[in-house]
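Chain residues, written in single-letter form:
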Amino acid sequence: MFAPERQHRILTELGRLGRVEVVELARSLGVSEDTVRRDLKALAARGYLQKTHGGAVALDPSRMAFHDRAGLKAEAKANIGAAAAQLVEPGQSVILDAGSTVLELARQLNVRPLTVLTNSLDIAAVFTAEPEVKLSLTGGDWDARARYLVGASALDTLSRRRADWAFLGACAFHSRAGVTSVSDADAAVKRAMVQAAEKTVVLADSSKAEQIAPHLVAPFSRLYAVVTDEAYVARALEESGAHVLLAQSGSGRPDAEILMSSAP
């Protein structure tokens, strides 16, 4: 069994149980405990789990503070941001949700002119010196831990705006349950963004896959596409009817063109 297959099985078990043990994994996978420890070390380095004595536990990035989760899966987030940025054309308007993956998109969104509406001060800061970007903030109540604006003012602003694209982060997504959030206020803002945009794209790395948070954002039928980083996640989403752009190192324009021709 090759390392990617072993690690996929480890992550599946981790998602099911929330924790795994080296001894049990070695037995079920038919490999040595040292091999399992190397796999766990590799997965921990990629932000999938936290190693413990004798095993590992699942990380829950959706409940971490912004600064704690920003460094997790940094390469995957950069690749997702780069792939999503290819969808936007000069002169279009975008709504950018808060979150570390959407922040990566903002950093790589180089088309101009551009109209941007966001509920993130961090994302707004990316564009403050850009004369060809018409920048607006939603307003609302600032959540210092999550680093986003939510509440009645944010919802009111979004109800009066329209955009070509909305790019959302995700606390969790599931092949049957769709996109969900741990926060009712965050979910409400995300739903308003979906309503305000012609097309909505969710940016989410595989650490959020096959998880369900309490508050619904949208079923996949309401989305234009999901951009994620692992082939096995992409396959599961496609089987559920979602349109997927797989973002990996070196993702280029041809992948975006395939997505745009196949998505509704």
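In case you missed it, the structure is sitting above this.
Here is what the cut-offs are and how they apply
- Counting starts from 1 at the beginning of each chain's written sequence and moves along it residue by residue.
- Local features in this predicted model are restricted to residues of pLDDT 70 or higher, and side-chain atom pairs are both shown and tallied only at a pLDDT of 80 or more, whereas totals for entire chains, interfaces and linings draw on every residue.
- The basis for every side-chain value is the complete set of heavy atoms in the structure, and neither hydrogens nor water enter the calculation.
- Here the term buried applies to any residue with accessible area under 20% of the maximum for its type, exposed to any over 50%, and partly exposed to those in between, with areas from a 1.4 Å probe on protein chains only.
- Helix numbers and strand numbers start at the N terminus; a helix is a DSSP run of H or I with at least 4 residues, a strand a run of E with at least 2.
- At least two bridges found by DSSP between two strands are what make those strands a pair.
- Handedness rule for crossovers: strands pointing away from the viewer, path from the first strand over the helix to the second running clockwise, crossover right-handed.
- The term salt bridge refers to a pairing of a side-chain nitrogen on Lys or Arg with a carboxyl oxygen on Asp or Glu at a separation within 4 Å.

Draft legend 1. Representation of the pairing of strand β14 (residues 225-228) within the structure. Neither face of β14 is left uncovered, since the one carrying Ala225 and Val227 and the one carrying Val226 and Thr228 both have all their residues buried. Taken together, the three bridges between strand β12 (residues 197-203) and β14 define a ladder with parallel strand orientation. Within β14, the residue paired with leucine 203 across the bridge is valine 227. Taken together, β14, helix α10 (residues 231-239) and strand β15 (residues 244-246) form a β-α-β motif whose crossover is right-handed.

Draft legend 2. Expanded view of unusual backbone geometry. Here arginine 112 and proline 113 are connected by a cis peptide whose omega angle stands at 0°. With respect to the element layout, proline 113 can be found in the loop between α6 (100-108) and β5 (114-118). Positive phi is not limited to glycine here, since arginine 147 has a value of about 60°. Structurally, arginine 147 can be placed in the loop between β7 (141-143) and β8 (148-150).

Draft legend 3. Highlighting the pairing of strand β11 (residues 178-181). Where strand β10 (residues 172-174) lies against β11, three bridges are found, and the strand directions are antiparallel. Within the sheet, the bridge partner assigned to phenylalanine 173 lies in β11 and is valine 179. Where β10 hands over to β11, the hairpin turn is made up of three residues, counted between the paired strands.

Draft legend 4. The pattern of salt bridges, seen in detail. In this structure the tally under the stated criterion is 10 salt bridges. One salt bridge connects lysine 190 with aspartate 97, and the closest N-O pair in it is separated by 2.8 Å. Here the residue lysine 190 occupies a position in helix α9 (residues 184-196), and aspartate 97 occupies one in the loop between β4 (93-96) and α6, the gap between them amounting to 93 residues. In this structure, lysine 190 and aspartate 97 share a single accessibility class: buried. Linked by salt bridges that have partners in common, Glu33, Asp34 and Arg37 make up one network.

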